[in-house]
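# Chains, contacts and geometry: an overview
Each chain is listed here by its residues.
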Amino acid sequence: MDAEVVPLPPDDGSVAGPEWADDGPGETHHHSRAERHAAAEQHSTDERHRTDEQHSPGGSDTHTPGQSLEQTKDARELAARFEEEKPGRVLAGPVGLLFTGVTVAVGLLTLWQVFFPLAQGSKYYLIFFLAGILPMVFLAYPSGVRLRRTATEVDDRHGPTPVDWLLAAAALVVCLYPVLPVTVGAGGGGYDAFLDRQGLLDPLDVAFGTGLLLLLLEACRRTTGWILPAVCVLFLGYGYYGGLLPQGWPVAHAGLDFGQLVDAFYNSDSGFYGTPLDVAASYIVLFTIYGAVLDLSGAGRFFVELSAAAFRRSRTAAGRTAVASGFLLGTVSGSGAATTVSIGAVTWPILRRAGYPAERAGGMLAAAGVGAILSPPTLGAAAFIIAEYLGVSYLQVLGWATVPTILYYLGILLSVEIDARRSGVRPVVIDTGSAWRLLARFGYHFLSLLVIILVLALGASATRAVVIATVIAAVLSFLDRRHRLTPARLVAALRDGVRGVLAVSAVCAAAGIITATTTKTGLGPQAAALLIDGAQSVSSEPAVVLALTAVLAAVALSLLGLAVPVTASFVIGWVIIGPALLNLGVAAPAAAMFVFYFAVLSEVSPPTALAAVAAAAVTGGRLVPTMWQTLRYALPAYLIPLAFVVTPTGLGLLGIGGAGRIVTAGLVSALGVAVLAVAAGGWLPGVGPAGAPERIVGAFAGLVLLWLEPLPMAIGAALTALAVAGVYVRRGAAGHAGHPSVEKSVDHGEEREWDGSTRG
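Computed from a predicted model, the values in this text were never measured in an experiment. (Residues numbered from 1 in each chain as written. Predicted model: local features only at pLDDT ≥ 70, side-chain atom pairs only at ≥ 80, totals over all residues. Heavy atoms only, no water.)

## Brief notes about empty space enclosed by the protein
- All told, the structure shown has five cavities of 30 Å³ or more when counted by the stated rule.
- Within this model, the largest cavity holds a volume of roughly 70 Å³.
- What lines the largest cavity is a set of 10 residues, among which Gly298, Arg301, Phe302, Phe442 and Arg482 lie closest to the centre.
- Of all the elements, helix H13 (residues 299-310) adds the most residues to the lining of the largest cavity, at three residues. (1 Å grid on protein atoms, 1.4 Å probe; cavity = no way out; pocket = protein on both sides within 12 Å on 5 of 7 lines; lining within 4 Å. Points joined across faces, edges and corners; volume = space filled by probe spheres on them. Helix = DSSP H or I, 4+ residues; strand = E, 2+ residues; numbered from the N terminus.)

If you want it as structure tokens, here you go:
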């Protein structure tokens, strides 16, 4: 079969305006998960209609830039719709100028803090940071509440309402109250006086602290929906009413009055101004600014083109391009749904022409996109919290994530190769230049990424490393006249970078309600004891108890992640589930990364799976099948965390324990991932189809291999050999029976499902 030549959509070097992360006029970002699913289904239906028209008799079957216009034009809009931490209102005119001025001022403050920290300390800086961020949340996010029957979403999207302005002003006052040098009765008096009242707050302090509490809950409601505020209220209620619980219950405590709770939230280091907000204000905002600079400098487009060029003449060029694009974009994105949409807008037309069904392509795109949150050097926001909680450098966290990331993308690539052979995917040649020529011309985009690693290795902080990398990326942008970072574009980068952290900052500040309540009541150790007791009720064998606890923890984290954003999911999981793993002897790095991975995997876990929802919106595929395809591609990500928790050898997957342990754990786990990919895909590359018996044996072998102990590894290797031998026997039997060769007997059923035709 001759390979078809498919061009990439053109790049004109244009830059999106201030609405780049918004849904555009007439839409509202504040969707519930159910509404997002409905939006995806509608978009999917429209996309299928367009596909049918394009492939109907007499219709055009050639890919032109105009046909991909919707994917390209709507990429950022779709990312905003399905990404939980993106703004949702277009701000133009005087309001837009005000917003730009404040966000740029916040960006400059964060840069100043890196090199010239405020003398009063970190908490003093966080007060000013939150005072700049929280009011902007109320201007950038619509409330979603209709006070008039005649009000419409368009009305809410025109600009901030009077209520929004009132809330923004209130947020500014309550945030700045601790530092205002104005004495009001026994309250106020400036920062030092405020700190001196810790534990003995004045009623005025309690009033302002309550105001900040309510405003943060409203900010979280606007940005993430009702569930996270409900969880925060649940913890608040537990802290206040816990003394009424029967004292025989493990989770009962003496009870706290409301003033004590507000003091813990407003005037302690574990509340609103605790580690999560510190991470958002010190690390995440700098990395979002860096990502905005890279985006405006054309790095994202280069990564996609490089991926296409590297595999342009291979049989599986379309699938490999999608996966490689996801990995490369993930190094600077740190966002699952946004990466999914970005790579889908460019690679879905190629995947479609290669014959991929929409659901399978969507699963591939979603799995590759979520890998962005797992990929160094720009992991998700929770990775920075890990570094702070454990008191380690961010470079160490990157080291822990390296091998699991390789194994994750290995599983996806193997699935791509298997699907190409099993489903009869057509070969395509992607019309782009050579990879070497692209590297020679635009390879400088990698330099800033390498600088981050180099500066970290030299012992500098992550904040300084990313600022240096940002400056280098801005300077190098002048090597491409289409993407030069002029002063206006630099302002846009600062604005977009700070805007990208608005929601996560609100979430991180509200997470202080959870951490402070847990600290004050001792809930963490009690919940950990309950989890361990549940495992011990099944078996008293330590290894079995650990394995059961890990499985129960994985289920709990997955369910939690379905309801709240990744950052909040990690914070809650760490304070509630982390102690259980630590009490069973799991090393702190393994426990933290375990919680991190399962918090991230909520983006591909049915029935919510935001990354899969976004992918279905791009490809026009059915939603539920796309979710299950995503789950199949991402399977290794669910199993690898269990491997580095249940056995000491598993620490080698985090780069801990010496070269021997690292190599053994890496190679055996890679074999396990490969066997699982074959079992899930039903095809052994280079040999042929695997029957049900071989797939069952292979699946069991893969699971056993990931129990990184000598006996299980030996059993797993033997079962793997047995499964491979079964595939060879099946191929020989098929050949003797006179069946066509393996390559000629591929099943085109899924391809017929896609476009209604039969191809030989």
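After that view of the structure, there is still more to cover.
## Some points on the confidence of the model for the protein chain
- The predicted model of the protein chain has a mean per-residue pLDDT of 79, with 81% of residues at 70 or higher.
- For the protein chain, the element scoring lowest by mean pLDDT is helix H35 (residues 749-755), at 36; helix H7 (residues 162-176) scores highest, at 94.
- Low pLDDT (under 50) marks residues 43-74, which in the prediction has 50 contacts with non-local residues, meaning those over four places away or in another chain.
- Overall, residues 150-155 carries pLDDT values under 50, and its contacts beyond four positions in sequence, including any with other chains, amount to eight contacts. (pLDDT = per-residue confidence, 0-100. Contact = heavy atoms within 4.5 Å.)

## Some details on the packing of aromatic side chains
- Using the criterion set out here, one finds 27 aromatic pairs in the structure.
- With 6.4 Å between their ring centres and 55° between their planes, phenylalanine 442 and tyrosine 444 make a pair best called tilted.
- A network of ring pairs unites the aromatic residues Phe302, Phe303, Phe442, Tyr444 and Phe446 as a single cluster.
- The aromatic ring of tryptophan 226 is capped on one face by arginine 221, whose charged end is 5.2 Å from the ring centroid.
- The cationic tip of arginine 632 hangs over the ring face of tyrosine 633; the distance from NZ or CZ to the ring centre is 4.7 Å. (Phe/Tyr/Trp six-rings, centres within 6.5 Å; stacked < 30°, edge-to-face > 60°. Lys NZ or Arg CZ within 6 Å of the ring centre and 35° of its normal.)

## Examining a nonpolar patch on the surface
- On the surface, a nonpolar cluster with roughly 450 Å² of combined accessible area is contributed by Tyr240, Tyr241, Leu244 and Phe258.
- Inspection of the secondary structure assignment puts leucine 244 in the loop between helix H10 (227-241) and helix H11 (258-266). (Patch = residues over 30% accessible without salt bridge, like charges linked within 9 Å, V, L, I, M, F, W, Y side chains within 5 Å. Areas by Shrake-Rupley, 256 points an atom, 1.4 Å probe, with all protein chains shown as cover. Salt bridge = Lys/Arg side-chain N within 4 Å of Asp/Glu carboxyl O.)

## Things to note about the state of the cysteines
- Across all of its chains, the model carries zero disulfides by this definition.
- Free cysteine: cysteine 220, not disulfide-bonded; nearest cysteine sulfur from cysteine 232 at 5.9 Å.
- With no disulfide partner, cysteine 508 has as its closest neighbouring cysteine sulfur the one in cysteine 220, 9.3 Å distant.
- Relative accessible area serves as the criterion here: at 1%, cysteine 508 is assigned to the buried category. (Disulfide = S-S within 2.5 Å. Buried < 20%, exposed > 50% of the residue type's maximum accessible area, 1.4 Å probe, protein only.)

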